[in-house]
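# Structural description and commentary
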Amino acid sequence: MSDRMDEIRSTRAPTLREDQIEILRRYGQKRKTEVGDVLFRAGDTQNDFIVILEGEVEVVDDFAGEARTIGVFLAGRFLGELNMLTGQAMYLTAVVREGGEVLSITRERLKEIVTEEPNLSDVILKAFLARRKYMIKTGLGLRIIGSRHSSDAARLREVAARNRVPHVWIELEENPEAEVLLGRFGAKPSETPVTVWQGEDVLKNPTNAEFARTTGLEVDAPLEGIYDLVVVGAGPAGLGAAVYGASEGLSTLALESIALGGQAGTSSRIENYPGFPAGLSGFELASRVLVQADKFGARTAVPQEAVSLRRENGHYHIELSEGREVAARSVIAATGARYRRLQVPGLERFEGVSVHYAATEAEAQRCEGEEVAIVGGGNSAGQAALFLAGRTRRVYLLIRGEDLGKNMSRYLVDRITTAANIELLVSTGVRELTGEDRLKGLVIEDNRSGERRTLGARALFVFIGAEANTGWLQGAVELDERGFVLTGRELDDSALDDDWQERSREPFLLETSMPGVFAAGDVRSGSIKRCASAVGEGSMAVRLVHQYLADAGV
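Now for a look at the structure at hand. Numbering of residues begins from 1 in every chain and follows the order in which that chain's sequence is written. The predicted nature of this model means local features are confined to residues of pLDDT at least 70 and side-chain atom pairs, given and counted, to a pLDDT of 80 or more, with totals for whole chains, interfaces and linings taken over all residues. To obtain the side-chain values, all non-hydrogen atoms of the structure were used and water was disregarded.

## Things to note about the side chain of Thr-470
Elements are defined by DSSP. Helices are runs of H or I of four residues or more, strands are runs of E of two residues or more, and each kind is numbered from the N terminus. Among the structural elements, Thr-470 can be located in the loop between β28 (466-468) and α15 (498-503). Here the term buried applies to any residue with accessible area under 20% of the maximum for its type, exposed to any over 50%, and partly exposed to those in between, with areas from a 1.4 Å probe on protein chains only. A relative accessible area of 2% places Thr-470 in the buried class. Pairs of residues are marked as contacts when any of their non-hydrogen atoms sit within 4.5 Å. The contact partners of Thr-470, leaving out residues within four places of it in the chain, are Arg-338, Leu-479, Gly-483, Val-485 and Val-523.

## Thoughts on the pattern of salt bridges
The working definition used for a salt bridge is a side-chain nitrogen of Lys or Arg within 4 Å of a carboxyl oxygen of Asp or Glu. Counting across every chain of the model gives 35 salt bridges. Between Arg-431 and Glu-445 there is a salt bridge, with the nearest N and O atoms lying 3.0 Å from each other. Placement of Arg-431 in strand β24 (residues 428-434) and of Glu-445 in strand β25 (residues 441-446) is noted, with a sequence separation of 14 residues between them. Take Arg-431: its relative accessible area is 32%, and that puts it in the partly exposed class. Taking the relative accessible area as the measure of exposure, Glu-445 reaches 17% and is therefore buried. Where Arg-452 meets Glu-445, a salt bridge forms, and the shortest distance between an N and an O atom there is 3.1 Å.

## Some words on a negative patch on the surface
Patch membership requires more than 30% relative accessible area and the absence of a salt bridge. Residues of like charge join within 9 Å; the nonpolar side chains Val, Leu, Ile, Met, Phe, Trp and Tyr join within 5 Å. All accessible areas in this document rest on Shrake-Rupley with a 1.4 Å probe, and a residue is counted as covered only by the protein chains that are shown. Counted as positive: Lys and Arg. Counted as negative: Asp and Glu, with His and the chain ends omitted from the count. To locate a charge, take atom NZ for lysine, CZ for arginine, CG for aspartate or CD for glutamate. Judged by side-chain charge, Glu-478, Asp-492, Asp-493 and Glu-506 come together as a negatively charged surface patch. Along the chain, the position of Glu-478 falls in the loop between β28 and α15.

## Observations concerning the sheet that holds strand β23 (residues 422-425)
As summarised here, the arrangement of the five strands in space is β20-β27-β21-β22-β23, forming an open sheet in which the pairing is parallel. Two strands lie at the open edges of the sheet, namely β20 (355-356) and β23, each paired on one side alone. Two strands pair if DSSP finds at least two bridges between them. The pairing of β20 with strand β27 (residues 459-462) spans two bridges and is parallel. Residue pairing in the sheet places His-356 in a bridge with Phe-461 of β27. Every axis in this analysis is a line fitted to C-alpha atoms, fitted for helices over the stretch in contact. Angles between the N-to-C directions lie between 0 and 180 degrees. Here helix α13 (residues 379-389) sits on the sheet and contacts β21 (371-375), β22 (394-398), β23 and β27; the angle it forms with β21, its principal contact strand, is near 170°.

## Some thoughts on helix α5 (residues 118-138)
Between its first and last C-alpha, α5 extends 30 Å over 21 residues, near the 30 Å set by a 1.5 Å rise per residue. Among the residues of α5, Leu-120, Ser-121, Ile-124, Leu-125, Ala-127, Phe-128, Leu-129, Arg-131, Arg-132, Met-135 and Ile-136 are the ones counted as buried. Directly after α5, the chain includes Gly-139, whose backbone phi takes a positive value near 85°. Every helix has an expected span of 1.5 Å times one less than the residues it contains.

## Some points on the nonpolar core
Counting residues in each nonpolar core, the largest one holds 63 residues, and the members touching the most others are Val-230, Leu-255, Leu-309, Ile-318, Val-331 and Ile-332. Looking at this core element by element, the count peaks at nine residues for helix α16 (residues 531-551). In contact with Ile-318, other than residues within four places in its own chain, are Val-230, Val-232, Leu-255, Ala-306, Ser-308, Leu-309, Arg-324, Glu-325, Val-326 and Val-331. The set of buried Ala, Val, Leu, Ile, Met, Phe, Trp, Tyr and Cys residues whose side-chain atoms join them within 4.5 Å is what this entry labels a nonpolar core. Formed by 54 residues, the second largest nonpolar core is a distinct cluster that contains Ile-50, Met-84, Leu-129 and Val-291.

## Overview of the pairing of strand β10 (residues 201-204)
Bridge count between strand β9 (residues 194-197) and β10: four bridges; the pairing is antiparallel. Its bridge partner lying in β10, Trp-197 is registered against Asp-201. Between β9 and β10, which pair antiparallel one after the other, the connecting turn spans three residues, and Gln-198 there sits at a positive phi close to 60°.

## Examining the sheet that holds strand β16 (residues 315-320)
One open sheet accounts for four strands, arranged β11-β17-β16-β15; its pairing is mixed. Looking along the sheet, the strands with just one partner apiece sit at the ends: β11 (226-227) and β15 (306-312).

## What to know about the pairing of strand β26 (residues 452-455)
Across four bridges, the pairing between β25 and β26 is antiparallel. Following the sheet pairing, Val-443 is matched in β26 by Thr-454.

## Some words on helix α9 (residues 236-247)
Across its twelve residues, α9 extends 16 Å between first and last C-alpha, which sits within 8% of the 16 Å expected from 1.5 Å per residue. For α9, the full list of buried residues reads Pro-236, Ala-237, Gly-238, Leu-239, Gly-240, Ala-241, Ala-242, Val-243, Gly-245 and Ala-246. Of the surrounding secondary structure, the elements contacted by the buried residues of α9 are β12 (229-232), β13 (252-255), α10 (282-295), β18 (331-333) and α16. Gly-249, located one to two residues past α9, shows a positive phi value of around 90°.

## As for the packing of aromatic side chains
Note on ring pairs: Phe, Tyr and Trp rings are taken, using the six-membered ring of Trp, and paired if centres are within 6.5 Å. Classes follow the plane angle, with under 30 degrees stacked, over 60 edge-to-face and the rest tilted. Within this structure, the stated rule accounts for five aromatic pairs. Geometrically, the ring pair formed by Tyr-91 and Trp-197 is edge-to-face, given 5.8 Å between the ring centres and 85° between the ring planes. Of this pair, Tyr-91 sits in the loop between α3 (83-86) and β6 (93-105) while Trp-197 sits in strand β9, and the two are 106 residues apart along the sequence. A connected cluster of aromatic rings, assembled from ring pairs, spans Phe-49, Phe-78 and Phe-128.

## Digging into the environment of Arg-415
Its location among the elements puts Arg-415 in helix α14 (residues 410-418). When its relative accessible area of 38% is taken as the criterion, Arg-415 is described as partly exposed. For the pair Arg-415 and Ala-385, spaced 30 residues apart in sequence, the C-alpha to C-alpha distance is 9.9 Å.

## Observations concerning the packing of α9 against α10
In helix packing, the relevant descriptors are the interaxial angle and the interaxial distance, both defined with respect to the helix axes. Between α9 and α10, the shortest axis-to-axis distance is 9 Å and the interhelical angle comes to 25°. In terms of orientation, α9 lies roughly parallel with respect to α10. Note that α9 runs across α10; the crossing there is left-handed. Together, Leu-239, Gly-240 and Val-243 of α9 and Ala-286, Val-289, Gln-292 and Ala-293 of α10 make up the contact between the two elements. Comment on the angle field: the value is read as roughly parallel under 35 degrees, roughly antiparallel over 145, roughly perpendicular from 65 to 115, and oblique elsewhere. A clockwise turn of the near helix away from the far one marks a right-handed crossing, whereas an anticlockwise turn of less than a right angle marks a left-handed crossing.

## Digging into the environment of Thr-392
Its location among the elements puts Thr-392 in the loop between α13 and β22. Take Thr-392: its relative accessible area is 8%, and that puts it in the buried class. For the pair Thr-392 and Val-372, spaced 20 residues apart in the sequence, the C-alpha separation amounts to 7.3 Å. Once residues within four sequence positions are removed from consideration, Thr-392 is found in contact with Cys-367, Gly-369, Glu-370, Val-372 and Asn-421. Pairs of N or O atoms within 3.5 Å make up the polar contacts considered here, provided that, within protein, one atom can donate a hydrogen while the other can accept it, and that residues adjacent in sequence are counted only when both atoms are side-chain atoms. Engagement of the side chain of Thr-392 in a polar contact is seen with the backbone oxygen of Leu-388, the distance being 2.7 Å.

## A word on the environment of Gly-526
Along the chain, Gly-526 turns up in the loop between β29 (517-519) and α16. We classify Gly-526 as exposed; its relative accessible area is 54%. Gly-526 sits 426 residues away from Gly-100 along the chain, and the two C-alpha atoms are 61 Å apart.

This is how it looks when you write it as structure tokens:
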């Protein structure tokens, strides 16, 4: 166990070799430090990446004047976190504990290092990702105060969890300090949920956009002017399209309504993605792709939800939920799908509290050491089962059919069937949820015999597929009977208006019934619901965008 802990610590705080430091010297400036110097503060968005050459630096969680030491960094180690690559605010404060000398490298130069120096890139990215995971598990920075019965509190917690924002959840009913803390920041229990950022910015029941701006989460890309390409949705397909669009010279903007990475970003581990034999989390995949997109000049805006699409004067106008809009010469729809809900009485009472649609570190912390149930027979359910098996006492995996291998990859089936604390229940459905404000158990039924039993699960994870997230495209492009976007040869001639006759061609493979608007990934009718194929479709769509723009003389 100690060897494993040492490995984790060395990943989170690696010691650089002298040759690696020599490379970094080319990108930064040396400067002397004295005891008490603040190298960066929580909330900073312009701070430097710091390599400690001499001395010691203490990193602290400084909330409302109450400092908690997170770690002490010695010579040869570096300071910084993933936000330095995404343009967001820092969560911690770094103070010199023993004077010496540091190497300061600007955020822009750090991006050059990550993209141009392969010997350093992996070390830095792995450390940044490990630090974020540690901060989420530890709980620091942002405070969310609210009731477990509040749907708005559940909404804010979901935004924080989906975006991997480290935070502390303070339960109004159970934590005696909650009301004292609210009073300290001028808020009342009736005004919850309340978020407190850096002990200064206090928001009472904020919208997702207000929450994002205050916590430094939102990337406010310019919405003026006309982009060559706007990608709506930033899951694997959308991020893939943003990378390829920007790298091939298109001015590119990606819009995302909740969190970069989309549904795949909630996956605890993706083990069948090419090039990563040990697997990687959805968040890690999204983070790495985001760094690439930024390298090539793609812009991202989160959260920005598209609500409608129209064509006007040869351009496409995407209206956003806050009343603004963005214009483009071409559009790729990559909004994926939203989770299906179980048809069980009282389900909504437990959603966000005991019923979850993702299995990330945030959810795992809430049910650690308990029994949990998972409904679903696809890869997402399998990945969640294996992840949660390492954190909970027992996992019940419920599937409607009798063959787990019908919709799940073989490598997952093999690991699930040999896991000691995963119980597979085939031909089984959930009939009833028990408990008042928290789940205490669920009544399940064998669909063959009708026999019922009660499981002592304290959390229920639902992975039963998804519905097309195409509300913003209603009336603009042709959809199939389930609401997914029809493209290419799937389009009936009757769906093609006079504009197509003028073009004297049929729609391209991923093109919708509206010329210049393409669909990629899970949102597209007939797509293969796999992460790698979604990325492939995103890149393919960009190639077709180029062809469309060339034909249009742009």
